[in-house]
Amino acid sequence: MAIMKSKTSSGGASWLGIKTGTLLSVIDETSKYDWADLYMVVEFTVEGSDYPRVCKIVGSFDKEPDGRIKDCTLLKRITFLTEALGEEGGVNQHGKWVTENEEPIDDIASYLTNAYKGKQCTIYVFKELAKNGQAYTRVHNKVLAKTNTSETELKSYIDYLKSKGFIKEAPADGTGTATKVEPNGSFDASGIDIANL
């Protein structure tokens, strides 16, 4: 007769923090949101977690009067992801997805999933304290290619955001309100949403 044992874990939320995330899938949900030029859900598997961890690349492009896009938060998020994956394509000046040879990509979710499923990246997984007081596990949109220095680089970036109060993490027990860092008592981050970074 076989011996049965339950899965056990040591300590608390070991799936939080700087982690190696393996790309599982990319889902394009843009059609569900009128206000968004892009609403992309990127799922990563993380060792020690039974559930995928989600990074959302969401927002609208800032545009010139003639309709061409300009450098903005959404373009930065797209660039973080494409550089982490090693994808040479991206969006053109009209906000349309194209390959590095500027050939149109009709289904960006399938394109990225098929090309990069299994790709390892360095990610930051945390519990975000939402405006409604609930805590949600998410992956910050600064994603890096996995290298010997990527964990140190990402930790430095995240520490900077925390020091400026741009990341509102839920307390370890997931209740109450997060402590907001106020540099010199003069910076108010209450109007800044982490999704904009």
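Computed from a prediction, not measured in an experiment: that's the story for all the values here.

Trainee: What is the right way to read the pairing of strand β7 (residues 135-139) from this model?
Mentor: Regular strands show a simple pattern: their side chains alternate between the two faces of the sheet. By the bridge criterion, five bridges tie strand β6 (residues 120-129) to β7 in an arrangement that is antiparallel. Pairing of Phe-126 across the sheet is with Arg-138, part of β7. Taken together, β6 and the strand that follows it, β7, pair antiparallel across an intervening segment of five residues, in which Gly-133 is found at a positive phi of about 90°.

Trainee: Would you take a moment to explain unusual backbone geometry for this structure?
Mentor: Even without glycine at this site, Glu-102 takes up a positive phi of about 65°. Topologically, Glu-102 is positioned in the loop between β5 (97-98) and α2 (108-116).

Trainee: Which parts of the structure should I look at to understand the side chain of Lys-19?
Mentor: By the secondary structure assignment, Lys-19 is in strand β1 (residues 17-28). One buried charge, Lys-19, has no salt-bridge partner; the nearest side chain with opposite charge is Glu-47, at 8.4 Å. Residues contacting Lys-19, with those up to four places away along its chain left out, are Ser-14, Val-46, Cys-121, Thr-122, Ile-123 and Val-125.

Trainee: Would you explain the pattern of salt bridges in this entry?
Mentor: A side chain with one charge can pair with a side chain of the opposite charge if their charged atoms come near. Summed over the entire model, instances satisfying the criterion amount to five salt bridges. For Glu-29, the salt bridge identified is with Lys-32, shortest N-O distance 3.8 Å. The closest approach of N and O atoms between Asp-159 and Lys-155, which form a salt bridge, is 2.7 Å. Within this pair, Asp-159 and its partner Lys-155 are both found in helix α3 (residues 150-163), separated by four residues, close to a single helical turn. The partly exposed category is assigned to Lys-155, whose relative accessible area is 45%.

Trainee: Hey, could you run me through the confidence of the model for the protein in this one?
Mentor: Detailed reading of predicted coordinates is not advised where the pLDDT is low. Averaged over all residues, the pLDDT of the protein is 85; the fraction at 70 or higher stands at 80%. Overall, residues 176-196 carries pLDDT values under 50, and its contacts beyond four positions in sequence, including any with other chains, amount to 43 contacts.

Trainee: Teacher, can you tell me more about the environment of Asn-114 here?
Mentor: Tracing the backbone shows Asn-114 in helix α2. Using a relative accessible area of 67% as the deciding quantity, one classes Asn-114 as exposed. On a C-alpha basis, the gap between Asn-114 and Ser-25 in space is 8.5 Å, while along the polypeptide they are 89 residues apart.

Cut-off values and rules
Residues numbered from 1 in each chain as written. Predicted model: local features only at pLDDT ≥ 70, side-chain atom pairs only at ≥ 80, totals over all residues. Heavy atoms only, no water. Pairing = 2+ DSSP bridges. Helix = DSSP H or I, 4+ residues; strand = E, 2+ residues; numbered from the N terminus. Buried < 20%, exposed > 50% of the residue type's maximum accessible area, 1.4 Å probe, protein only. Lys, Arg positive; Asp, Glu negative; His and termini not counted. Salt bridge = Lys/Arg side-chain N within 4 Å of Asp/Glu carboxyl O. Contact = heavy atoms within 4.5 Å. pLDDT = per-residue confidence, 0-100.

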